[in-house]
Amino acid sequence: DKVIANCCEALEALVRANLSGKWFVHPFGSAVNGFGTRYSDIDVTICEVDQESDTQSVLEKLLKVFQNSESRFSVTEAILSARVPILKLVYHDGCSGRQ
């Protein structure tokens, strides 16, 4: 789906522009395995190549980026103290009107 690709590309560009090192975005779950609908969420993980940065500090930095930027993403929830910290985002796709 083009919206999924656009979302992942925009997220990867934002991550690479604001974090040092080499990063990539990897989508997974129902949106990419064919079981999702147009209303499904997109699960992604961001991975650093050949490094092991502290997940919580990386997400704290990205949280500030999302809150202080004019990006297509807005934060709906930040769960940073969990065993697996996460940011829940909404992607605002200017082309299709989908979120």
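Bear in mind that the values here come from a model prediction, so they are computed numbers and not experimental data.

What counts, and where the lines are drawn
Residues numbered from 1 in each chain as written. Predicted model: local features only at pLDDT ≥ 70, side-chain atom pairs only at ≥ 80, totals over all residues. Heavy atoms only, no water. Helix = DSSP H or I, 4+ residues; strand = E, 2+ residues; numbered from the N terminus. Buried < 20%, exposed > 50% of the residue type's maximum accessible area, 1.4 Å probe, protein only. Contact = heavy atoms within 4.5 Å. Core = buried A, V, L, I, M, F, W, Y, C linked by side-chain atoms within 4.5 Å. Expected span 1.5 Å × (residues − 1). Arc of directions from axis to C-beta. 1 Å grid on protein atoms, 1.4 Å probe; cavity = no way out; pocket = protein on both sides within 12 Å on 5 of 7 lines; lining within 4 Å. Points joined across faces, edges and corners; volume = space filled by probe spheres on them. Nonpolar A, V, L, I, M, F, W, Y, C, P; charged D, E, K, R; others polar. Pairing = 2+ DSSP bridges. Salt bridge = Lys/Arg side-chain N within 4 Å of Asp/Glu carboxyl O.

Q: Explain the overall build of the protein to me, please; I cannot follow it from the model alone.
A: Along its length, the protein carries three helices and four strands. Mapped from its N terminus to its C terminus, the protein presents α and β elements in the order α-β-α-β-α-β-β. Seen through its C-alpha atoms, the protein measures out along the principal axes to roughly 35 × 30 × 25 Å. In the protein, which comprises 99 residues, the proportion classed as buried is 25%. Put simply, 40% of the contacts in the protein that link residues at least 6 apart link residues at least 24 apart.

Q: What should I look at first to understand the nonpolar core in this one?
A: Side chains of nonpolar character tend, in soluble globular proteins, to be buried together. By size, the foremost hydrophobic cluster in this structure holds 20 residues, and its most contacted members are L11, V15, L19, L62, F66, F73 and L87. Listing elements by their share of this core, those giving two or more residues are α1 (2–18), β1 (23–28), α3 (55–68) and β4 (86–91). In terms of residues, this core owes the most to one element, α1, which gives seven residues. With sequence-adjacent residues up to four places away left out, V15 is seen in contact with W23, I46 and L62.

Q: Got a minute to help me understand α3 in this structure?
A: Structurally, the α-helix is built with 3.6 residues per turn, so residues lying three or four positions apart point the same way. Over its 14 residues, α3 extends 20 Å from the first C-alpha to the last, a length consistent with the 20 Å expected when each residue adds 1.5 Å. V58, L59, L62, L63, V65 and F66 are the residues of α3 that are buried. For α3, the angular spread of buried residues about the axis comes to 165°, placing them on one side. Of the residues in α3, the exposed ones pointing more than 90 degrees away from the buried face are K64, Q67 and N68. Turning to α3, the residues buried within the fold contact α1, β1, β2 (43–48), β3 (73–79) and β4.

Q: How should I be thinking about the layout of surface pockets in this particular structure?
A: Empty space among the atoms becomes apparent when a probe as large as a water molecule is rolled across them. Quantified by volume, the largest pocket comes out at close to 1,000 Å³. Taken together, 39 residues line the largest pocket, and the ones lying closest to its centre are I42, D43, V44, L87 and L89. Residue composition of the lining of the largest pocket, grouped by class: 24 nonpolar, seven polar and eight charged.

Q: Would you mind showing me how to read the pairing of β4 here?
A: Put simply, side chains in a regular strand alternate between the two faces of the sheet. In terms of strand pairing, β3 meets β4 through six bridges, oriented antiparallel. In the strand pairing of β4, S74 is matched with V90. What sits between β3 and β4 in their antiparallel hairpin is a turn of six residues.

Q: Which parts of the structure should I look at to understand the pattern of salt bridges?
A: Two side chains with opposite charge may pair up if their charged atoms get near one another. Going through the model one piece at a time under the given rule, you end up with two salt bridges. A salt bridge links R16 to E12, with the nearest nitrogen and oxygen atoms 3.7 Å apart. Of this pair, R16 and E12 are both found in helix α1, four residues apart, which corresponds to roughly one turn of the helix. The class for R16 is partly exposed, based on a relative accessible area of 47%. A salt bridge links K88 to E77; the shortest N-O distance between them is 3.4 Å.

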